[in-house]
Structure formats: structure tokens, C-alpha cells
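This is what each chain is made of:
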Amino acid sequence: MSIRVATFNVENLFARYRFREGRETLAEGGFGINDLAFDIYDDDLKRVTAEAIREVKADVICLQEVENLAVLERFNSTYLAALKYKYRLLIDSHDPRLIDVGILSKYAFMNINTHRDERTKTTWLFSRDCLEVDVDV
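The notes below deal with the structure included here. (Residues numbered from 1 in each chain as written. Predicted model: local features only at pLDDT ≥ 70, side-chain atom pairs only at ≥ 80, totals over all residues. Heavy atoms only, no water.)

1. Considering helix α1 (residues 43-56)
Along its 14 residues, α1 runs 20 Å from first to last C-alpha, staying within 8% of the 20 Å computed at 1.5 Å per residue. Buried within α1 are the following residues: K46, T49, A50 and I53. All buried residues of α1 fall inside an arc of 100° around its axis, so they share one side. In α1, the exposed residues that point more than 90 degrees away from the buried face are D44, V48 and E55. Residue K57 follows α1 closely and has a positive phi angle near 55°. (Helix = DSSP H or I, 4+ residues; strand = E, 2+ residues; numbered from the N terminus. Expected span 1.5 Å × (residues − 1). Buried < 20%, exposed > 50% of the residue type's maximum accessible area, 1.4 Å probe, protein only. Arc of directions from axis to C-beta.)

Below you can see the structure in the form of C-alpha cells.
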């Protein structure tokens, strides 16, 4: 058996609120966040990114510059559904731009080790984490 593992910088995989669509933003108690009111930022570029990922045909792909797990899941379901990445992982870290590393996999994660809180004397050792994952193949 062989598996293909890849890594790819998705370059600012963000979601942004669709203010210009006249959506109601107030909810009981103040500002409400409706998950459906968010879109992947720069749809055209993300389609190109998805095509590159599809061409690689990886069983496990590690991604850099992902905003959060919800955005990774939306990107996976919107652009990569045919690849059937059933398992998704992202642990928020300390990057000042709020971008992290994530993993999409066709195989389950067994052991997950994060280094997000390791420090030097003055700063975080890894601003976006150095994520270690065992994959059950």
C-alpha cells in the first residue's frame, strides 16, 4: 500500500462577512454571526488553489495560511468534495495575522501533538504551530 502526502500554502484561505448583501446582522443581545453570511475570500483564486490540490491527488495534505477550522471545512466541502477528505484538523495558534496550519486527510488521525505553546525566552517558538500527526493507514 502506498499513500501520497503533500504540503501546500493556500495563501490566505480566509472567509469574510458579506456586508454588502444587506443581511440582517442584529440578533437578540447584539451582533449575531450567521455562518451562512460568510464566503471564502477571493473565490477565483481559491478555485485555482483547489485545482492545484486536486492535481496532486494527495491522501493527506498539510496546508499553510488557513484562517480557522470552519474556513478549512468550508473550503473542503465547497471546492474539494470529490476528493473525500473525511478528516480535518487545525489548532488555533499565535500567529498575529490569525492564520494557522491545517491538515486534510482521507485517513483518521491517531495521535496529535501541538507545539503551539512552546516558547523561547521572548516569543513563541512557532507562530503557526508545528503540528505533528500520526495518520492511521
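2. Some thoughts on the pattern of salt bridges
Tallied over the full model, the rule gives four salt bridges. Put simply, R54 and E51 hold a salt bridge, and the shortest N to O gap is 2.9 Å. Residue R54 and its partner E51 are located together in helix α1, separated by three residues, close to a single helical turn. Judged by relative accessible area, E51 falls into the partly exposed class, the value being 35%. For D95, the salt bridge is made with R128, and the minimal N-O distance between the two is 3.0 Å. In this pair, D95 is assigned in the loop between β7 (87-90) and β8 (100-105) and R128 in the loop between β9 (109-113) and β10 (132-135), connecting sequence segments 33 residues apart. According to the relative accessible area criterion, D95 is buried, its value standing at 7%. (Salt bridge = Lys/Arg side-chain N within 4 Å of Asp/Glu carboxyl O.)

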